[in-house]
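Residue-level structure breakdown
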Amino acid sequence: MTPKVARFLRDVAPATPCLVLDIDRVEENYRRLIAAMPLARVFYAVKANPATPILERLVGLGSNFDAASWEEIETCLAAGARPEAISFGNTVKKESAIRAAHAAGVRLFAFDSEAELLKLSRSAPGARVYCRILVGNDGAEWPLSRKFGCEAKMARTLMLRAAELGLDPYGISFHVGSQQTKTSAYETAIGRVAMVFTDLKEAGINLRMVNLGGGYPVRYRQEVPEIDDFGAAIMGAMVEHFGNALPEILIEPGRFMVGDAGVVSAEVVLVSRKSEEDPVRWVYLDIGRFGGLAETEGEAIKYAFRTPHDGGAEGPVTIAGPTCDSTDTLYEKSNYRLPLALDCGDRVELLATGAYVTTYASQAFNGFRPLAEHYV
Ligand SMILES: *Cc1c(COP(=O)(O)O)cnc(C)c1O
């Protein structure tokens, strides 16, 4: 937790549940990222946290933006982003959204199928397009698996088709899965991209861009490699495969940019046991899966907790949200332990929750309001 967030929580004691996020930390993360990968252009993955103060700060720093919908594009434009700084990176787009983006001046689009290329050729004629390929997601705690991307062989065919359709076949992208803890995931993926470049060169098409996607991790309960380790592995692989004919490099960090800038402050609503002998206490918070903690699905992302009793004796707990749905149980199998002194009414903090929380909150399930947000 940054000192500014700690001060805000202490002095303002905002109503819970809420997210408090330090915009200066976002700037620090942006600067660390470009220091680790000086040749890459940053396209912030807006879905991680689309709050206007974040977008405005990043516009000021010269960042670009990866948007997944026309609505996200509008949000970026309203925050001052130039349309040329926006990539429409979702491979699944309504044609009306493509048309709106193109009319607004967006010129860079992702695809992974022929049907999407046909939409792009009709509604964004002449645009730069890049094809997303499937790569392994091993090592990712929030994998994206097979939903997006096509096989490398199909990418070759589709890029030739893009040229025939009058589009500009610009490059190849991939995503190694979110909260990726292994630097080797990028190295393997870059090798695969290089083969597509070579194949297409032989077919007369010179690709100019590699988009490395997101995935760069945040520290939750476990240590993760530093961003410099990712930068070194990535640049090593780029030089190994492309030599001194390096293409343009794009990166789309989401979680890394905002995750450790934010903290969710929550209240303990109830601490109970299922029987007198049961050592496991159930701790119910005023935020759960429907309040924004969607990434606790399958206990995939394991947030670290801070309580007023840290340092005292601890015991095992199951941690759950406040709604009347049994899937609103956050952690049952991940060996969480919290202080025995924890009691109803205590305020607790969930650390490094600046990414993928605010917009995942349901509208009003069981009447609970979406998460409040404070940008400091
Ligand atoms: C979600 C997403 C990202 C951001 O991923 P992180 O793991 O948060 O860095 C980047 N690119 C695309 C296309 C995405 O869908």
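Everything numeric here is computed off the predicted structure, so don't read it as measured data. (Residues numbered from 1 in each chain as written. Predicted model: local features only at pLDDT ≥ 70, side-chain atom pairs only at ≥ 80, totals over all residues. Heavy atoms only, no water.)

Glancing now at the nonpolar core. One finds Tyr-44, Phe-109, Phe-174 and Tyr-216 to be the most contacted residues of the largest nonpolar core, which totals 102 residues. With 9 residues, the single largest contributor to this core is helix 8 (residues 184–202). Formed by 8 residues, the second largest nonpolar core is a distinct cluster that contains Phe-8, Val-20, Ala-304 and Leu-351. (Core = buried A, V, L, I, M, F, W, Y, C linked by side-chain atoms within 4.5 Å. Buried < 20%, exposed > 50% of the residue type's maximum accessible area, 1.4 Å probe, protein only. Helix = DSSP H or I, 4+ residues; strand = E, 2+ residues; numbered from the N terminus.)

Attention now moves to the packing of helix 6 (residues 114–123) against helix 7 (residues 152–164). Helix-helix packing is described using two parameters, namely the angle between the two axes and the distance between the axes. In the contact formed by helix 6 and helix 7, the axes pass within 10 Å of each other and the chain directions differ by 20°. Judged on the interaxial angle alone, helix 7 and helix 6 are roughly parallel. In this structure, the crossing between helix 6 and helix 7 has a hand that is right-handed. Packed against helix 6, whose contacting residues are Glu-114, Leu-117 and Leu-118, the element helix 7 presents Leu-158, Arg-161 and Ala-162 at the interface. For the contact of helix 6 with helix 7, the residue count by class is 4 nonpolar, no polar and 2 charged. (Axes fitted to C-alpha atoms, helices over the stretch in contact; angles between N-to-C directions. Parallel < 35°, antiparallel > 145°, perpendicular 65-115°, else oblique. Left-handed = near helix turned anticlockwise from the far one by under 90°. Contact = heavy atoms within 4.5 Å. Nonpolar A, V, L, I, M, F, W, Y, C, P; charged D, E, K, R; others polar.)

As a further point, take the pattern of salt bridges. For the structure on display, the rule yields 20 salt bridges. The salt bridge partner of Asp-11 is Arg-10, with a shortest N-O separation of 3.1 Å. Here Asp-11 matches Arg-10 in class, with each residue exposed. Taking the shortest distance from any N to any O, the salt bridge between Arg-25 and Asp-260 comes out at 3.0 Å. Of this pair, Arg-25 sits in helix 2 (residues 23–36) while Asp-260 sits in the loop between helix 10 (255–258) and strand 12 (262–273); the two residues are 235 residues apart in sequence, bridging distant segments of the chain. Asp-260 sits in the partly exposed class, given a relative accessible area of 24%. When salt bridges with common partners are traced through the structure, they connect Lys-4, Asp-22, Asp-24, Glu-27, Arg-31 and Arg-57 into a single cluster. (Salt bridge = Lys/Arg side-chain N within 4 Å of Asp/Glu carboxyl O.)

With that settled, consider the site of the ligand. Taken together, 13 residues lie near the ligand, and Lys-47, Ser-178, Glu-252, Arg-255 and Tyr-356 sit nearest. Here an oxygen atom of the ligand sits 2.9 Å away from a polar atom, N or O, in the main chain of Gly-215. Between an oxygen atom of the ligand and a side-chain N or O atom of Tyr-356, the distance comes to 2.6 Å. Within the complex, the protein chains bury 91% of what would otherwise be the 390 Å² of accessible surface of the ligand. Of the residues in the shell around the ligand, the class split is 3 nonpolar, 5 polar and 5 charged. (Near = heavy atom within 4 Å. Polar contact = N/O pair within 3.5 Å; in protein donor to acceptor, adjacent residues only side chain to side chain. Areas by Shrake-Rupley, 256 points an atom, 1.4 Å probe, with all protein chains shown as cover.)

Along a regular strand, successive side chains alternate from one face of the sheet to the other. A two-sided burial pattern is seen for strand 3 (residues 64–67), the buried positions comprising Asn-64 and Asp-66 on one face and Phe-65 and Ala-67 on the other. By the bridge criterion, 3 bridges tie strand 2 (residues 40–45) to strand 3 in an arrangement that is parallel. Within strand 3, the residue paired with Phe-43 across the bridge is Asn-64. Following the chain from strand 3 across helix 4 (residues 70–78) to the adjacent parallel strand 4 (residues 86–88), one finds a crossover that is right-handed. (Pairing = 2+ DSSP bridges. Right-handed = clockwise from strand over helix to strand, strands pointing away.)

The next thing to look at is the environment of Leu-77. With respect to the element layout, Leu-77 can be found in helix 4. Put simply, Leu-77 and Asp-24 are 53 residues apart on the chain and 22 Å apart in space, counted from C-alpha to C-alpha. Setting aside residues up to four positions removed in sequence, Leu-77 forms contacts with Trp-70, Arg-82, Pro-83, Ile-86 and Ala-104.

Spatial strand order, 2-3-4-5-6-8-10-11: 8 strands in a closed barrel with parallel pairing. Adjacent strand axes in the sheet meet at a mean angle of 30°, parallel and antiparallel pairs treated alike. Where strand 8 (residues 168–173) lies against strand 10 (residues 209–211), 3 bridges are found, and the strand directions are parallel. Counterpart to Ser-173 in the pairing with strand 10 is Asn-211.

Counted under the stated rule, the structure contains 11 aromatic pairs. When the ring of Phe-88 is compared with that of Phe-109, the centres are 6.1 Å apart and the planes differ by 40°; the resulting orientation is tilted. Linking Phe-88 in strand 4 with Phe-109 in strand 5 (residues 108–111), this pair joins segments that are 21 residues apart in sequence. Accessibility expressed as a relative area gives 0% for Phe-109, which makes it buried. Seen in terms of ring centroids, Tyr-186 and Tyr-216 are 5.1 Å apart; in terms of plane orientation they differ by 10°. Their pairing is stacked. Of this pair, Tyr-186 sits in helix 8 while Tyr-216 sits in the loop between strand 10 and helix 9 (227–242), and the two are 30 residues apart along the sequence. Classification of Tyr-186 as buried rests on a relative accessible area of 0%. (Phe/Tyr/Trp six-rings, centres within 6.5 Å; stacked < 30°, edge-to-face > 60°.)

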